[in-house]
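Per-entry structural report
Residue-level listing of the chains:
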Amino acid sequence: MEIQTINTTPFDDQRPGTSGLRKKVKVFQAPHYLANFVQSIFNALEGYQGKTLVVGGDGRYYNREALQIILKMAAANGFGKVMVGCGGILSTPAASCVIRKYKTFGGIILSASHNPGGPDDDFGIKYNTCNGGPAPEKITEAIYSQSREIAEYLTMEAADIDLDTIGMQQLGNMSVEIIDPVSDYADMMEQLFDFDAMRALLTSGTFTMRFDAMNAVTGPYAQEILEKRLGAAAGTVLRGEPLADFGGAHPDPNLVHAKELVASMSSNDAPDFGAASDGDGDRNMILGRDFYVTPSDSLAIIAANAAHVSGYAQGLAGVARSMPTSQAIDRVAAALGIDCYETPTGWKFFGNLLDAGKITLCGEESFGTGSNHVREKDGLWAVLFWLNILAVRKQPVADIVHEHWQQYGRDVYTRHDYEGIATEGANALMQQLRARTGELSGQSFGDYTVELADDFSYTDAVDNSVSSNQGIRILFDNGARIVYRLSGTGTEGATLRVYIEQPETNPDKLEQDPQVSLAELIRLSSTIAEIEKFTGRTAADVIT
Ligand code: G16
């Protein structure tokens with residue numbers, strides 16, 4: 001098997017976004033496109049000769065072809081071994097778990113997360129470092145600069161690896177180990193949670209749950225853990241087989257894209273607990289009977305109830321949330337007397353805080369929750385955390401949330417997304433807002449007076465690195481906030497995200513629909529940023 005040097009020229013659009021490089025499948029299929037990026041990853045790294053790499057993906061269209069390309073390139077570049085999930089499958093949190101458990105050099109995860117899959121839809125690739133987490137900005141920027149000057153890449157002429165048989169194979173001097181993608185992860189969950197109590201609840205005959213795997217990667221993990229190890233009734237896991245195109249569905253666990261599950265939670269025979277996960281298994285949505293738990297509330301409630309869960313009962317070192325995530329977790333941290341960090345959007349910003357032991361739990365409004373058990377957000381972990389709380393507290397989901405609001409107050413919250421808007425208009429909107437932050441401070445809009453408006457900048461509490469331009473914040477003197485940022489995960493045009501939040505402590509108003517409670521702020525969010533003028537849109541496409 002001979003190593004081949006292939007001449008190539010740079011592509012100018014390979015800067016990783018919020019979470020790796022995401023493009024249409026057809027872009028990745030263009031000659032040299034994927035190989036250029038993979039070689040750029042390797043060129044940005046040092047000291048991997050003879051070391052082990054983990055590779056796997058969410059099973060979406062082009063996953064297998066991409067894996068074969070990466071395996072040959074890893075062999076030609078001198079890796080000693082690659083561990084691959086059987087069938088090319090590894091959920092994002094499971095990949096993080098395997099990287100950490102086997103102390104590998106790093107890993108490559110193939111996924112475009114919650115974006116649709118199929119020949120005309122999205123694909124993605126990202127590099128994770130030896131801590132199991134997404135590469136920090138200094139590495140993603142180094143990969144990008146390599147991609148701008150790449151002139152050749154290394155590969156190997158060899159037969160394809162059999163991805164479907166567990167065991168060892170050889171590719172040149174590199175060994176390839178096909179591993180069970182589920183068992184290491186499932187074993188870890190068994191260490192963190194009280195499986196006996198959860199099994200007792202699920203087999204009690206008085207409690208039912210439904211988990212929607214959305215035809216995506218979490219199906220086999222949920223079947224093993226919920227149905228096999230915890231004894232949940234067969235059929236508890238819906239849409240459990242990972243499909244290359246997610247069955248034509250959009251694997252994003254929110255009220256819009258998991259609508260069958262949401263509808264079933266309001267039916268006469270609704271289960272007690274409902275949950276869903278996304279394309280690559282790192283996001284989660286939590287539902288009770290006729291009740292939706294916002295991701296921001298879910299994070300706060302998990303933190304407030306950590307003492308009930310054996311893996312976390314020893315106490316929390318601290319917590320963190322991304323800037324646009326609601327301040328519900330801040331209230332819990334204050335009550336517990338622990339630090340609460342505010343980071344930019346992107347799981348990579350939690351890595352240093354977790355590694356340094358400054359935080360135990362962290363989460364984002366974008367349906368991401370996690371802990372120091374891995375270095376990715378973890379959908380099934382969040383679902384199991386809730387199940388553990390339900391097994392101990394023996395109350396309905398809605399009651400647990402209502403009691404939480406009574407105790408801590410509620411941060412009424414909504415996110416309005418304007419999708420697929422023209423990039424120029426989106427950039428112009430952000431630029432004018434940025435330019436006006438100074439003049440906005442002190443201005444009043446009806447009952448709302450701006451205390452501070454700025455473009456969020458973050459200084460890492462561990463390595464002091466600074467990340468600027470992370471979103472426009474408008475903070476009002478009554479604790480309300482409006483935040484504007486452009487998504488860094490889309491593949492078509494731009495998506496403007498507007499995050500709207502207001503604290504509520506009046507017991508009579510705690511239960512109100514957020515779209516009603518926040519009506520005035522929602523209106524202000526549109527007029528202050530002149531959304532219609534810059535985007536032509538009068539209403540958001542997705543409201544969560
Ligand atoms: C990724 C990141 C998250 C981020 C989310 C949304 O999630 O890992 O940290 O919150 O994107 O980012 P944006 O608002 O820029 O679209 P995932 O699940 O897509 O990998």
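Parameters and conventions
- Residues numbered from 1 in each chain as written.
- Predicted model: local features only at pLDDT ≥ 70, side-chain atom pairs only at ≥ 80, totals over all residues.
- Heavy atoms only, no water.
- Helix = DSSP H or I, 4+ residues; strand = E, 2+ residues; numbered from the N terminus.
- Buried < 20%, exposed > 50% of the residue type's maximum accessible area, 1.4 Å probe, protein only.
- Contact = heavy atoms within 4.5 Å.
- Areas by Shrake-Rupley, 256 points an atom, 1.4 Å probe, with all protein chains shown as cover.
- Domains from an automatic or database assignment.
- Buried area = accessible area lost by both parts, 1.4 Å probe.
- Salt bridge = Lys/Arg side-chain N within 4 Å of Asp/Glu carboxyl O.
- Polar contact = N/O pair within 3.5 Å; in protein donor to acceptor, adjacent residues only side chain to side chain.
- Pairing = 2+ DSSP bridges.
- Near = heavy atom within 4 Å.
- Nonpolar A, V, L, I, M, F, W, Y, C, P; charged D, E, K, R; others polar.
- Axes fitted to C-alpha atoms, helices over the stretch in contact; angles between N-to-C directions.
- Arc of directions from axis to C-beta.

Per the secondary structure count, the protein includes 18 helices and 27 strands. In terms of its C-alpha atoms, the protein occupies a principal-axis envelope of roughly 70 × 60 × 40 Å. Here the protein holds 544 residues, and 59% of them are scored as buried. For the protein, restricting intrachain contacts to residue pairs at least 6 apart in sequence, the fraction spanning at least 24 positions comes to 72%. Surface accessibility of the protein: about 19,900 Å² in total, with carbon and sulfur atoms responsible for 47%.

Split by domain assignment, the protein resolves into domain 1 (2-181), domain 2 (185-408) and domain 3 (410-543). The C-alpha centroid of domain 3 is placed 35 Å from the C-alpha centroid of domain 1. Contact with domain 1, which involves nine residues of that partner, is made by eight residues of domain 3. Counting each side, the surface lost to burial between domain 1 and domain 3 is near 620 Å², with a carbon and sulfur contribution of 39%. Summed over the shared surface of domain 1 and domain 3, the number is zero salt bridges. If you look at where domain 1 meets domain 3, you find three residue pairs in polar contact (both at pLDDT 80 or more). Among the elements that take part in the side of domain 1 that touches domain 3, strand S2 (residues 21-24) stands out by supplying three residues, more than any other.

With mixed pairing, the five strands of this open sheet are ordered in space as S11-S10-S12-S13-S14. Each edge of the open sheet is held by one strand with a lone partner, namely strand S11 (237-238) and strand S14 (291-293).

Turning our eyes to something else, we now look at the site of the ligand. In the neighbourhood of the ligand, 19 residues make up the surrounding shell, with Glu364, Arg485, Ser487, Gly488 and Thr489 lying closest. Note that an oxygen atom of the ligand is positioned 2.7 Å from one of the side-chain N or O atoms of Ser366. Within the side chain of Arg497, one N or O atom sits 2.7 Å away from an oxygen atom of the ligand. Coverage of the ligand by the protein amounts to 99% of the 460 Å² it exposes when considered alone. Looking at the shell around the ligand, its residues break down into one nonpolar, ten polar and eight charged.

Before going further, it helps to spend a moment on the sheet that holds strand S20 (residues 444-445). Within a sheet, neighbouring strands are paired by backbone hydrogen bonds and run either parallel or antiparallel to one another. If you walk across this open sheet you meet the seven strands as S20-S21-S24-S25-S26-S19-S27, and the pairing is antiparallel. The open sheet has two free edges, formed respectively by S20 and strand S27 (542-543), since each of these has just one partner strand. In this sheet, S27 lies alongside strand S19 (residues 410-421) in antiparallel orientation, the contact comprising two bridges. In the strand pairing of S27, Asp417 is matched with Val542. Together, S19, S20, strand S21 (448-455), strand S24 (472-476), strand S25 (481-486) and strand S26 (494-504) form the strand contacts of helix H17 (residues 519-529), whose direction differs from that of S25 by roughly 50 degrees.

What follows deals with H17. Every buried residue of H17 is accounted for by Leu521, Ile522, Leu524, Ser525, Ile528 and Ala529. On an axial view of H17, the arc spanned by its buried residues comes to 160 degrees, and they lie on one face. At the C-terminal side of H17, Glu530 shows a positive phi close to 50 degrees.

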